[in-house]
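The residues making up each chain are set out below.
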Amino acid sequence: MTTGPSLLYLVKQLELAVRASLDDLVRPVGVTALQYTALTVLERHDGLSAAQLARDSFVTAQSMADMVRALETRGLIRRERNAGNRRELLIRLTGEGRALLAAVAADVRALETRMRAKLTDEQAADFRQSLITTWQSLS
């Protein structure tokens, strides 16, 4: 019996296709797909440490340090002292960062719609739940 490509291979192929499409989509506003991801993480959970933002954005601490500098220089994020721990800097999304996300939101939704175009609503819901469950299995 031929089984076809492994699930690991297929997940990686999907990730690469999504990342290439997302890079093309956000390039006109001057960010990368990884920077866009970090901004969306902050949109959902504003005020994270760089270490937490790195974990939630799937990059190394060193990559995040470089990314934070670039995003801060662009005015898309700001760093501020944590009132509860003065040694810690928290990263917050600025109004400019929120405006950038709003500017590409419709295109990002269209990309997701295109990605799931051949799935029924039930299949898309099952796919989402399967991704969550398999991710949790590895976390």
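Residues numbered from 1 in each chain as written. Predicted model: local features only at pLDDT ≥ 70, side-chain atom pairs only at ≥ 80, totals over all residues. Heavy atoms only, no water.

**With respect to the packing of helix 2 (residues 33-44) against helix 5 (residues 95-115)**
For the pair helix 2 and helix 5, interaxial distance at closest approach is 11 Å and the crossing angle is 110 degrees. The angle between helix 2 and helix 5 places the two elements in the roughly perpendicular class. In contact with Tyr 36, Leu 39, Thr 40 and Glu 43 of helix 2, helix 5 contributes Arg 98, Leu 100, Leu 101, Val 104 and Val 108. By residue class, the composition of the contact of helix 2 with helix 5 is 6 nonpolar, 1 polar and 2 charged. (Axes fitted to C-alpha atoms, helices over the stretch in contact; angles between N-to-C directions. Helix = DSSP H or I, 4+ residues; strand = E, 2+ residues; numbered from the N terminus. Parallel < 35°, antiparallel > 145°, perpendicular 65-115°, else oblique. Contact = heavy atoms within 4.5 Å. Nonpolar A, V, L, I, M, F, W, Y, C, P; charged D, E, K, R; others polar.)

**Some points on the UniProt feature "domain: HTH marR-type" (unreviewed entry) in the protein**
What UniProt calls "domain: HTH marR-type" (unreviewed entry) maps, in this numbering, to residues 4-136. Taken end to end, residues 4-136 comprises 68% helix and 11% strand; its first and last C-alpha atoms sit 25 Å apart. (UniProt positions renumbered as here; feature names shortened; annotations may be inferred.)

**Quick notes on helix 1 (residues 7-26)**
Helix length check: helix 1, at 20 residues, gives a terminal C-alpha distance of 28 Å against a target of 28 Å (1.5 Å per residue), a fit within 8%. Contacts made by the buried residues of helix 1 are with helix 2 and helix 5. (Expected span 1.5 Å × (residues − 1).)

**Topic: the pattern of salt bridges**
Summed over the entire model, instances satisfying the criterion amount to 9 salt bridges. Put simply, Arg 69 and Asp 66 hold a salt bridge, and the shortest N to O gap is 2.4 Å. Of this pair, Arg 69 and Asp 66 both sit in helix 4 (residues 61-73), separated by 3 residues, roughly a single helical turn. Residue classification places Asp 66 among the partly exposed residues on the basis of a relative accessible area of 39%. A salt bridge links Glu 72 to Arg 79; its shortest N-O distance comes to 2.6 Å. Glu 72 sits in the partly exposed class, given a relative accessible area of 30%. (Salt bridge = Lys/Arg side-chain N within 4 Å of Asp/Glu carboxyl O. Buried < 20%, exposed > 50% of the residue type's maximum accessible area, 1.4 Å probe, protein only.)

**Things to note about the nonpolar core**
Core analysis: the biggest nonpolar cluster contains 27 residues, and Tyr 36, Leu 39, Leu 53, Met 64 and Ile 77 have the highest contact counts within it. Considering every element that reaches this core, the biggest residue donor is helix 2, with 6 residues. Residues contacting Ile 77, with those up to four places away along its chain left out, are Leu 39, Leu 42, Val 68, Leu 71, Glu 72, Ile 91, Arg 92, Leu 93 and Thr 94. (Core = buried A, V, L, I, M, F, W, Y, C linked by side-chain atoms within 4.5 Å.)

**Quick look at helix 2**
Between the first and last C-alpha of helix 2 there are 17 Å, a value that for 12 residues agrees with the 16 Å anticipated at 1.5 Å per step. Here helix 2 has its buried residues at Ala 33, Gln 35, Tyr 36, Ala 38, Leu 39, Thr 40, Val 41 and Leu 42. Each element contacted by the buried residues of helix 2 is listed here: helix 1, helix 3 (50-57), helix 4, strand 1 (77-82), strand 2 (85-93) and helix 5.

**Quick notes on a nonpolar patch on the surface**
Together, Leu 14, Val 18, Met 115, Leu 119, Phe 127 and Leu 131 make up an exposed nonpolar region whose accessible area comes to about 430 Å². Looking at where Phe 127 falls in the secondary structure, it is placed in helix 6 (residues 121-138). (Patch = residues over 30% accessible without salt bridge, like charges linked within 9 Å, V, L, I, M, F, W, Y side chains within 5 Å. Areas by Shrake-Rupley, 256 points an atom, 1.4 Å probe, with all protein chains shown as cover.)

**Notes on the side chain of Ser 57**
With respect to the helices and strands, the residue Ser 57 is situated in helix 3. Of the residues examined, Ser 57 reaches a relative accessible area of 1% and is grouped as buried. If we ignore the near neighbours within four places in the chain, the residues touching Ser 57 are Thr 37, Ala 38, Val 41 and Met 64.

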